[in-house]
Amino acid sequence: MATTAPVVNESAPAAEYARLEERIIARDQKGASDVLYRLMKQGRPVTEITRETVRIHAPYTHVPYHQRLDDGIVKFVNNDHCLLSERVGLPLRSMIRPELAWLPMAQTVWYMPTGLDPWNQLIGKAPGHYTRLYDIKVSTTPPLPERHWPDQAPVRVEGTLRERLNHWLTLVQRGEVLESYRVFLGLMQDVPNRRHVLAQLAFAGLIDVQDRMWHNRSYTTGHKGYRARATIELGDAIGWDQAHDVLYAGVPDIAVGPRWYSCYEVGCNVVQNLLDGRDAELLRQEMPLTPAEEAMLVDVVTRQREFSVIDAVVALLKAGRSARRILDAIQIAAAQVILETGEPNNYSMAQHGYEYCNTVGWFYDSFDHPHRLKLLFVAALFINRGSEHQANTPGNGRRTIAPPPGSEGWSAREILDKLERALLALRADESVDLTAAYLKGGHDRAPLVQVLATAACKIGNDPHNQELGLCTLEDYLHTRAHDRDRLLLASAQHTAGHRKYGDPLEAYQRFAEAMGLDGR
């Protein structure tokens, strides 16, 4: 069955893509993967396969709302991970071992049949990832996935660019999903101003952040910012003349409720009341943090209360420090929260908090949005609340990180081989300690980054976790933080430690067999 437009590129193998769509809609992981392997062996371009897989899942990965209130109990209805997985697959290709370049896409397609229609999964009407996660019994004969938000035609509105962007954001805040989507499609037709429109999309996602965590059920906060980023990066990669399905997959959900803006309001009031509304001036500051200032901010964010966090960030900005470099320090704090996470089921706050900081960093580096300074406070408070949550959740806590005994006599290759085995065996503490041994030995960081990225990519069943593994590595390559090695330690911790589902290496092993690899 067609979703939006059938295969756009006439030279593409239409029959193969139709078969891929049929197998994904039938929720057949193995069958869909077999079709994908044929496309890979035919040498089809990765952007073409990405475009077609987005087209297939775009109608079926939305939800009508992100909460249900059944019999007085709040239930969280998760966000789509298919689009996030496709986004991360592109940069991962260049970071992992060359022979595994197609593995990120293989992980995406392996997951995709289980990611369709999460709303009906959560109420027991359809099988998939969330019925597996929550052990919900469903019929053995899966129904067709439901399309909760139909695609739309663009509508143009009058006014200046600022007025039109504000009108769209107002529709989002009011929860007018279809009208906001139509207006956004019309805004995208204004090609000279398209980057401003995309910046507003990312901004709308990043300001929608839940304002508390402790004893909340709706906890995977920050997802709308990640979805907006995925939409933008995939559209850039595919080409916006062929990216309508990317917009359909990524834009409507920005207005789906519930919507949380109170944390962003804190940033607005702090900038206005304590920093005199000097966004533009403060964003031009370029002075880095000293090592002592960075350590101070990490400690405040991870150990103290909300008002101390705000005071610390305000003081650094008043002292002339760069907002982007302050964000680097907040990312180090986020990495520390990951390192203090113990039980596999406890990673949600730590991993999503880190991804939020990574996404804000991308936003700073990609767009000159006038209100991005306020997001600095959202990021800092996000990590502060996550740290408090972790500190009060059993199974977490600080531990001593120490290279294994005798590791000073091991070669760099020996340490990396041991590290990859530990990562794939899900031994988190050992993985962190081996990473520490490699760092202490002063070895070249590039092979370490490749091993960490490759391990994150091999572990599947929910490929959003590959994106989370990549975030720390992306930031390591770009940060100017003094304690940047902590990001590599956190990458090892997260990859080995986060919750897995089923056999986390099944998709990798099937890929290796199909592509004639040795499975190492």
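In this text the structure is predicted, and so the values were computed from the model without any measurement.

(A) Main features of unusual backbone geometry. The omega angle of the peptide bond from glycine 257 to proline 258 is -5 degrees, so this bond is cis rather than trans. Notably, arginine 27 is not glycine yet its phi reads approximately 60 degrees, a positive angle. Within the fold, arginine 27 resides in the loop between helix H1 (14-25) and helix H2 (29-41). Judged by relative accessible area, which is 14%, arginine 27 ranks as buried. Of note in the backbone geometry, aspartate 276 takes a positive phi value of approximately 60 degrees without being a glycine. With respect to the helices and strands, aspartate 276 occurs in the loop between helix H13 (262-274) and helix H14 (279-283). Of the residues examined, aspartate 276 reaches a relative accessible area of 54% and is grouped as exposed.

(B) View of the environment of cysteine 357. Examined against the element boundaries, cysteine 357 turns out to sit in helix H18 (residues 347-366). Under the relative-accessibility criterion, cysteine 357 is labelled buried at 0%. Considered as a pair, cysteine 357 and arginine 195 are 162 residues apart in the sequence and their alpha carbons are 22 Å apart.

(C) Main features of the state of the cysteines. On inspection of all chains with the given rule, the structure shows zero disulfides. With no disulfide of its own, cysteine 82 has cysteine 457 as its nearest cysteine by sulfur position, at a separation of 16 Å. Residue classification places cysteine 82 among the buried residues on the basis of a relative accessible area of 0%. The thiol sulfur of cysteine 457 is not disulfide-bonded, and the nearest other cysteine sulfur, from cysteine 471, lies at 14 Å. Note on cysteine 457: relative accessible area 0%, which makes it buried.

(D) Geometry of H2. Here H2 spans 18 Å end to end across 13 residues, near enough to the 18 Å set by a 1.5 Å rise per residue. The set of residues buried in H2 consists of Gly31, Ala32, Ser33, Val35, Leu36, Tyr37, Leu39 and Met40. Buried residues along H2 sit in contact with H1, helix H3 (46-57), helix H5 (103-115) and helix H25 (506-514). One or two positions beyond H2, positive phi appears at glycine 43, with a value near 80 degrees.

(E) Structural view of helix H24 (residues 485-497). An ideal rise of 1.5 Å per residue puts 18 Å on 13 residues; H24 measures up with 18 Å between its terminal C-alpha atoms. Across the 13 residues that make up H24, a large majority, eleven, are buried. Burial in H24 covers these residues: Leu487, Leu488, Leu489, Ala490, Ser491, Ala492, Gln493, His494, Thr495, Ala496 and Gly497. Those residues of H24 hidden inside the fold are in contact with helix H17 (323-339), H18, helix H20 (412-424), helix H21 (428-440), helix H22 (445-458) and helix H23 (464-478).

(F) Region of interest: the side chain of glutamine 210. For glutamine 210, the location among the structural elements is in the loop between helix H10 (194-206) and helix H11 (223-238). In this structure the side chain of glutamine 210 is engaged in a polar contact, spanning 2.7 Å, whose partner is the backbone oxygen of arginine 212.

(G) The pattern of salt bridges, seen in detail. Scanning the entire structure with this criterion turns up 39 salt bridges. Here arginine 97 ties to glutamate 99 by a salt bridge, and the two come within 2.9 Å at their closest N and O atoms. Look at glutamate 99 and you get partly exposed, because its relative accessible area is 41%. Note that lysine 224 is salt-bridged to aspartate 208, the shortest N-O span being 3.0 Å. Placement of lysine 224 in helix H11 and of aspartate 208 in the loop between H10 and H11 is noted, with a sequence separation of 16 residues between them.

Rules and cut-offs
Residues numbered from 1 in each chain as written. Predicted model: local features only at pLDDT ≥ 70, side-chain atom pairs only at ≥ 80, totals over all residues. Heavy atoms only, no water. Helix = DSSP H or I, 4+ residues; strand = E, 2+ residues; numbered from the N terminus. Buried < 20%, exposed > 50% of the residue type's maximum accessible area, 1.4 Å probe, protein only. Disulfide = S-S within 2.5 Å. Expected span 1.5 Å × (residues − 1). Contact = heavy atoms within 4.5 Å. Polar contact = N/O pair within 3.5 Å; in protein donor to acceptor, adjacent residues only side chain to side chain. Salt bridge = Lys/Arg side-chain N within 4 Å of Asp/Glu carboxyl O.

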